[in-house]
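# Commentary on secondary and tertiary structure
What follows is each chain in one-letter form.
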Amino acid sequence: MSIYSPFSKSQLLPQEEKLEVARHKSELFIGIPKETSYQERRICLTPDAVSSLVSHGHRVMLEAGAGECSSYSDKEYSDAGAEITQDTKKVLGCPMILKVEPPTLAELEMMNPQTIVISAIQLKTQKKEYFEALATKRITALAFEFIKDEDGSYPAVKSLSEIAGTASVLIASELMIGENIGKGLLFGNITGVPPTKVVIIGAGTVAEYAARTALGLGATVKVFDNSITKLRRLQNTLNQRIFTSTIQEKSLLKALRRCDVAIGAMKGKNRAPIVVTETMVEHMKKGAVIVDVSIDTGGCFETSEVTTHEKPTFIKNGVIHYCVPNIPSRYSKTASMSISNIISPFLLHIADDGGIETAIRCNRGLKHGIYSYHGVLTNKAIADWFNLEYRDINLIVF
């Protein structure tokens, strides 16, 4: 009896082993346009990072004046090997685009099909049309916020949170000496004078760096969070015992009544939870300072309203509120160096692997950063948020 098989006789014979073809390094051509978003003063690559990329045989084209807000001149970039041009369209015509803010619809229009875009995504400010434009141009887009490190953390988010945490205390110390309503208090611990009292809501990276800075200046710090694990980790990383508590209305109100500075650093899944009600704010000292770092996801004080770098504060119930969503942009040079340190190794990695296609196969952290693959939406969170169709990247790239 003959056995029927879907394979031919030659196909059933043992085949020779096929080894992976050696990877060839690819040359990158990176375009860095000038940031057009309101109050965005950062840039993705410092002149040192450009110099490193150019020395590895890559090309970088920069729009004139792109680094000025971060105190980097065109000459510094030119000396580092970048090509400087006034033509925005020429920069946006490069095969790979680096931006801090996500590209606008007008910028996407100027890009070539199949371009690779590396930028932030800032989901809360995006519209559905943006993702439809990516699909039309079949663009592959990576978001800083989604890129993972070897240890599973998000390096870009962590880095900018460190800046925001440190800055929140420095901003509060400036506001406390304000001429009109500021209490004229020096932030710190002077002999014979009661130390400044700081309340921090949240126990993540922002809270850690805010607590570290406040303690360094001599303030007394109280941290509130609903996760005991986070509070324990915070105490261990600070290397000293500080007042920590779960969020209970009575103890939080007591701490807010006595504090000089309150810092909001809570992150929620879609929106920051409102922890401090307007009634609690009414009980705070007159001239106390609130710095709501989590305002970019809605804020955790009920009285918070989004402000700008030009007019950063407002007074409500006699309390000074600072609610600027983009605090790291105020420290543009530090933030630019921080972003550059994270992105440039990834760029070299992409080049060494022979392009983005191979790089995302080899690097799971980089693959996690992709939210649009040749125009196909591959991020579930974005798809759910905008009610769009998506496909799992692991089923497309493996």
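One structure accompanies this document, and this report is about it. Since we're looking at a predicted model, the values are computed, not measured. (Residues numbered from 1 in each chain as written. Predicted model: local features only at pLDDT ≥ 70, side-chain atom pairs only at ≥ 80, totals over all residues. Heavy atoms only, no water.)

### Concerning the side chain of Asn 326
Position of Asn 326 among the secondary structure elements: in the loop between strand 13 (319-322) and helix 12 (332-352). For Asn 326, a relative accessible area of 16% puts it in the buried group. A polar atom in the side chain of Asn 326 sits 3.3 Å from the side chain of Glu 40. Discounting chain neighbours no more than four positions away, the residues touching Asn 326 are Gln 39, Glu 40, Arg 42, Glu 101 and His 309. (Helix = DSSP H or I, 4+ residues; strand = E, 2+ residues; numbered from the N terminus. Buried < 20%, exposed > 50% of the residue type's maximum accessible area, 1.4 Å probe, protein only. Polar contact = N/O pair within 3.5 Å; in protein donor to acceptor, adjacent residues only side chain to side chain. Contact = heavy atoms within 4.5 Å.)

### A few points about the sheet that holds strand 15 (residues 376-377)
If you trace the eight strands from one edge of the open sheet to the other, you get 3-2-1-4-5-6-14-15, paired in mixed fashion. Looking along the sheet, the strands with just one partner apiece sit at the ends: strand 3 (83-85) and strand 15. Here three bridges tie strand 4 (residues 96-98) to strand 5 (residues 116-119), and the two strands are oriented parallel to one another. Note that in strand 5 the partner of Ile 97 across the bridge is Val 117. (Pairing = 2+ DSSP bridges.)

### Describing unusual backbone geometry
Phi angles above zero are rare outside glycine, and Arg 138 is one such case at about 55°. Exposure remark for Arg 138: the relative accessible area of 39% places this residue in the partly exposed category. If you check the backbone angles, Asn 239 has positive phi at about 65° while not being a glycine. Checked against the element boundaries, Asn 239 lands in the loop between helix 9 (228-238) and strand 9 (243-245).

### Comments concerning the packing of aromatic side chains
Per the stated rule, a full pass over the model turns up five aromatic pairs. Look at Tyr 72 and Tyr 77: their rings are 6.1 Å apart centre to centre, the planes differ by 75°, and that puts the pair in the edge-to-face class. The exposure class assigned to Tyr 72 is buried, which follows from its relative accessible area of 6%. Seen from their ring centres, Tyr 130 and Phe 131 are 5.2 Å apart, and the 80° between their planes marks the pair as edge-to-face. The ring of Phe 29 has Arg 59 sitting right over it, with the charged end atom 3.9 Å from the ring centre. Directly above the aromatic system of Tyr 209 lies the positively charged group of Arg 212, at a separation of 5.4 Å from the ring centroid. (Phe/Tyr/Trp six-rings, centres within 6.5 Å; stacked < 30°, edge-to-face > 60°. Lys NZ or Arg CZ within 6 Å of the ring centre and 35° of its normal.)

### Regarding the pairing of strand 5
Of the two faces of strand 5, the one carrying Ile 116 and Ile 118 and the one carrying Val 117 and Ser 119 are both buried. The parallel pair strand 4 and strand 5, bridged by helix 5 (residues 105-110), forms a crossover whose chirality is right-handed. The sheet contact formed by strand 5 and strand 6 (residues 140-143) spans four bridges and is parallel. Residue pairing in the sheet places Ser 119 in a bridge with Ala 143 of strand 6. (Right-handed = clockwise from strand over helix to strand, strands pointing away.)

All we've got here are geometric facts, nothing functional implied.
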